[in-house]
Structures are given as structure tokens and as C-alpha cells.
Amino acid sequence: MSIYVGNLSYDVTEADLTSVFAEYGSVQRVQLPSDRETGRMRGFGFVEMGADAEETAAIEALDGAEWMGRDLKVNKAKPRETGGGPSGGRRNSSFSRGY
């Protein structure tokens, strides 16, 4: 299971997030996605912990908690959805509007 952590400060680091979640168990992995164009942190991340019970404890304790001036949104991460429709999220270039 992976934990979604939203509404993060843009100044947060992987070490910051690791230290907060380490209070609830062993942190296996932390990801902080960045914007492809600007390289700036996107304001959310993912944390994987050693056991489901640790993840559950962290979610219950940290969801809604104030950290670095922001109220965290912490829950189980949902599987990433692929595509965005029949064309995989891309516009169909062969479509003509007839203008």
C-alpha cells in the first residue's frame, strides 16, 4: 500500500517527509513528484511504509494535521488511472470540426 500526502509546502524535502512518517514506523520509500517543465515540487507526495498497520496509524494521525503551515491531506493512494478516454487522453488529430 502507498500513502498519498497532499497539500504539502513547496519547500518540503524527502528527508522532511521521512522524519514525520518515521514516528509511525519504518519508511520504505518517499516520492515527491516535480513539474516536468519547471522542476518545482507539485505539492503532494507518496510514502510507503513497512507494514499496513504502520500506514494506517500514520494516516489516522496525520490526516488534517497542520504541518509547515498547511493542513495535510493523508489517505491511501489510489491506483493511477491510465488514459483519459478512448484516445488515451490525447486529442485525436484526425477529427475535423468542419469549420
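As a convention, each chain's residues are numbered from 1 in the sequence order in which they are written. In keeping with the predicted nature of the model, local features appear solely for residues at pLDDT of at least 70, side-chain atom pairs appear and are counted solely at 80 or more, and the whole-chain, interface and lining totals rest on all residues. The side-chain values count all of the structure's non-hydrogen atoms but skip hydrogen atoms and water molecules.

*Asks:* Before we go on, may I ask you to explain helix α1 (residues 14-21) in this structure?
*Replies:* One full turn of an α-helix is made of 3.6 residues, so residues set three or four places apart face in the same direction. Whether a residue is buried, partly exposed or exposed follows from its accessible area with a 1.4 Å probe, protein chains only, as a fraction of its type maximum: under 20%, in between, or over 50%, in that order. In DSSP terms, a helix is any run of H or I states spanning at least four residues, a strand is any run of E spanning at least two, and both are numbered starting from the N terminus. All of the buried residues in α1 are L17, V20 and F21. The arc that holds every buried residue of α1, seen down its axis, measures 90°, which confines them to one face. Our arc is simply the arc of the directions from the helix axis toward the C-beta atoms.

*Asks:* Would you mind going over the side chain of E55 with me for this structure?
*Replies:* Structurally, the position occupied by E55 is in helix α2 (residues 52-62). Buried and without a salt bridge, E55 has K76 as its closest oppositely charged side chain, separated by 7.5 Å. As used throughout, the charge tally considers Lys and Arg to be positive and Asp and Glu to be negative, leaving His and the chain termini uncounted. Any Lys or Arg side-chain nitrogen found within 4 Å of a carboxyl oxygen on Asp or Glu counts as a salt bridge.

*Asks:* Any chance you could explain the sheet that holds strand β1 (residues 3-6) here in plain terms?
*Replies:* Strands in a sheet are paired, the pairing made by backbone hydrogen bonds, and the direction either parallel or antiparallel. Taken in spatial order, the four strands make up an open sheet running β2-β3-β1-β6, and their pairing is antiparallel. Only two strands of the sheet have a single partner each, and these edge strands are β2 (27-31) and β6 (73-76). Strand after strand, the sheet turns through a mean of 20° between neighbouring axes, direction not considered. Any two strands with at least two DSSP bridges between them are considered paired. Here β1 runs beside β6; their pairing, made up of four bridges, is antiparallel. In the strand pairing of β6, I3 is matched with K76. Relative to β2, α1 is tilted by about 145°, and along the sheet it contacts β1, β2, β3 (44-49) and β6. Packing against the sheet, α2 makes contact with β1, β3 and β6, and its axis sits at approximately 140° to β3. Axis definition: a line fitted to C-alpha atoms, over the contacting stretch in the case of helices. Angles run 0 to 180 degrees between N-to-C directions. We call two residues in contact whenever any of their non-hydrogen atoms come within 4.5 Å of each other.

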